[in-house]
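Coordinate analysis (summary)
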Amino acid sequence: MIPKPHAALSPNTYDYESLPLVKATGFREYDARWLFEKEINLMGVQALGAGLGTLIHEMGVRPDLVTGHDFRGYSSAIKYALISGLMAAGVRVKDVGLALSPMTYYGQFALDCPCVAMVTASHNDNGWTGVKMGANRPMTFGPEEMGRLRDIVLSGEFVLREGGAYAFVEDFAERYLDDLTHNVTIERKLKVVAACGNGTAGAFAPRALEAIGCEVIPLDCELDHTFPHYNPNPEDMKMLHALADKVRETGADVGLGFDGDGDRCGVVDNEGKEIFADKIGVMLARDLSKLYPNATFVVDVKSTGLFKDDPVLIENGVTADYWKTGHSYIKRRVNELGALAGFEKSGHFFFNDPVGRGYDDGILTAIHVAQMLDRNPQKTMAELYRAIPQTWGSPTMAPKCADEEKYAVVDRVTARFKAMHEAGEAVAGQPIRELVTVNGVRVVAQDGTWGLVRASSNKPELVVVVESPVSEERMRAMFRGVDAILRENPEVGTYNQSL
């Protein structure tokens, strides 16, 4: 039997080595994240595996699962602890080894496994670990499944059974890369900087881009789980600035930055200007909607308003559906609507049939960017960017807020904006035109300037984004207005980055 997990245990004690440690807050809306050793120990990971196996059987899903791990000093050990729990619960595990998250998602199809459990902390700082899970390809778990998994694990209600098995799949990376690059050839001679932040993508992204005909200039592609320069996070301005510097230094056509588990891609144009992922989404939507008119695109609430207002997308008959932020939410919505693609401001892009399998893959995103440039041989990346209407937008900003407090804070902020709207009060000097509350609150002023506040789904922080179609000053005014409301809540701490 696997003992019932404990919410807190002191390291370097008998109990810590003898009992599972699993902190409840690690179960997020659509994946799981913990500080390894402080919030979960190896026995706790084993309990997580047993809980996941129990849930898979409870859902009536065939218990075949593909797993892999990202490049961190402890990820392999965590994966094997997870596997031991899965096998104890009767799951047949196929291990693809060191992998990107999309490589394991591909494994669900290529290895005929309905289920997936990828050990990764994505772009989180070292010390974090986590698991991205699913039992219905290409979707990953949402709040309902994560809630049930949490209840099984924390209560110790494991159903252990015979039938578990383990197999290591050799050379699976080659199959994944061949699938990505098969029948993709770029005729335009593109010089591409590939930045990987010393994360897992360094083993895969440069090879894929070379295979389609790009000249690749690697930047921090050597695997080093200490992340000596910056976290592999294409939303982090430090990574984007390093990528931009390299593009300018080498005269590259485009810079592509990949996150720690390779399911996101950030872009810098040939002039060294960072292009936020939602604007890349608009550019790709323009390109794809020429090939597939009247397409539907799903975008998250952090994204630019151009998906509805851009004249080219309107002319091409595009339908834009704004939905909840989170890779699981967008992935499901893309599937439900039969959308051609889904775009998140964080850089999670989901290309659906016939241009993908519906899951997020940063390397596939990079290939689509290269194909867009190939289809526009007379235009640079900067020119394609300047062709879309200008807006002034912020990076994703994240003020600290404890996991136990963040949702209540967002509820209070939402109620505050609702009260302001009903009372006819202004935000950023203008009346409130509308509030979008599908995920946190997106407050839109009369001139279209907007600000978003929501709770992060995977870290103890809030998420703040602002944008204006009018001017930089209007964008900054909205930030000041939103931040003033946030500061009414003492639980809100300092930002990771700010305007």
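The structure under discussion appears in the preceding block.
Figured I'd write up the structure that's included with this text.

Conventions and cut-offs
- Residues numbered from 1 in each chain as written.
- Predicted model: local features only at pLDDT ≥ 70, side-chain atom pairs only at ≥ 80, totals over all residues.
- Heavy atoms only, no water.
- Axes fitted to C-alpha atoms, helices over the stretch in contact; angles between N-to-C directions.
- Helix = DSSP H or I, 4+ residues; strand = E, 2+ residues; numbered from the N terminus.
- Parallel < 35°, antiparallel > 145°, perpendicular 65-115°, else oblique.
- Left-handed = near helix turned anticlockwise from the far one by under 90°.
- Contact = heavy atoms within 4.5 Å.
- Nonpolar A, V, L, I, M, F, W, Y, C, P; charged D, E, K, R; others polar.
- Buried < 20%, exposed > 50% of the residue type's maximum accessible area, 1.4 Å probe, protein only.
- Pairing = 2+ DSSP bridges.
- Patch = residues over 30% accessible without salt bridge, like charges linked within 9 Å, V, L, I, M, F, W, Y side chains within 5 Å.
- Areas by Shrake-Rupley, 256 points an atom, 1.4 Å probe, with all protein chains shown as cover.
- Salt bridge = Lys/Arg side-chain N within 4 Å of Asp/Glu carboxyl O.

1. What about the packing of helix H15 (residues 403-423) against helix H16 (residues 472-486)?
The geometry of H15 relative to H16 is characterised by a closest axis approach of 10 Å and an angle of 120° between their N-to-C directions. Classified by the interaxial angle, the pair formed by H15 and H16 is oblique. Regarding H15 and H16, the two cross each other, and that crossing is right-handed. Two secondary-structure elements touch here, H15 through Val 413, Arg 416, Phe 417 and Met 420 and H16 through Val 482, Ile 485 and Leu 486. Of the residues belonging to the contact of H15 with H16, the class tally is six nonpolar, no polar and one charged.

2. Here we look at helix H12 (residues 327-337)
Those residues of H12 that sit buried are His 327, Ser 328, Tyr 329, Ile 330, Lys 331, Arg 333 and Val 334. Positive phi appears at Gly 338, one or two residues downstream of H12, with a value of about 65°.

3. Some remarks on the sheet that holds strand E11 (residues 274-275)
Within a sheet, adjacent strands bond to each other through the backbone by hydrogen bonds, running parallel or antiparallel. An order of E8-E7-E9-E10-E11 is seen for the five strands of this open sheet, with the pairing classed as mixed. Each of the sheet's edge strands pairs with one partner strand only, and the pair in question is strand E8 (215-219) and E11. Two elements, strand E9 (residues 254-258) and strand E10 (residues 265-268), share four bridges in a ladder whose sense is antiparallel. Paired with Phe 258 across the strands is Cys 265, a residue of E10.

4. Description of the sheet that holds strand E12 (residues 296-300)
One open sheet holds the four strands; their spatial order is E13-E12-E14-E15, and the pairing between them is mixed. Since the sheet does not close on itself, it has two edges, and those belong to strand E13 (319-323) and strand E15 (349-351), each with one partner. When strand polarity is set aside, the average angle formed by the axes of neighbouring strands in this sheet is 15°. Sheet strands in contact with helix H9 (residues 277-291) are E12, strand E14 (341-343) and E15, and its direction is about 15° off that of E15.

5. Looking at a nonpolar patch on the surface
Judged by side-chain polarity, Tyr 80, Tyr 166 and Phe 168 come together as a nonpolar surface patch covering roughly 320 Å² of accessible area. On the secondary structure map, Tyr 80 appears in helix H3 (residues 75-88).

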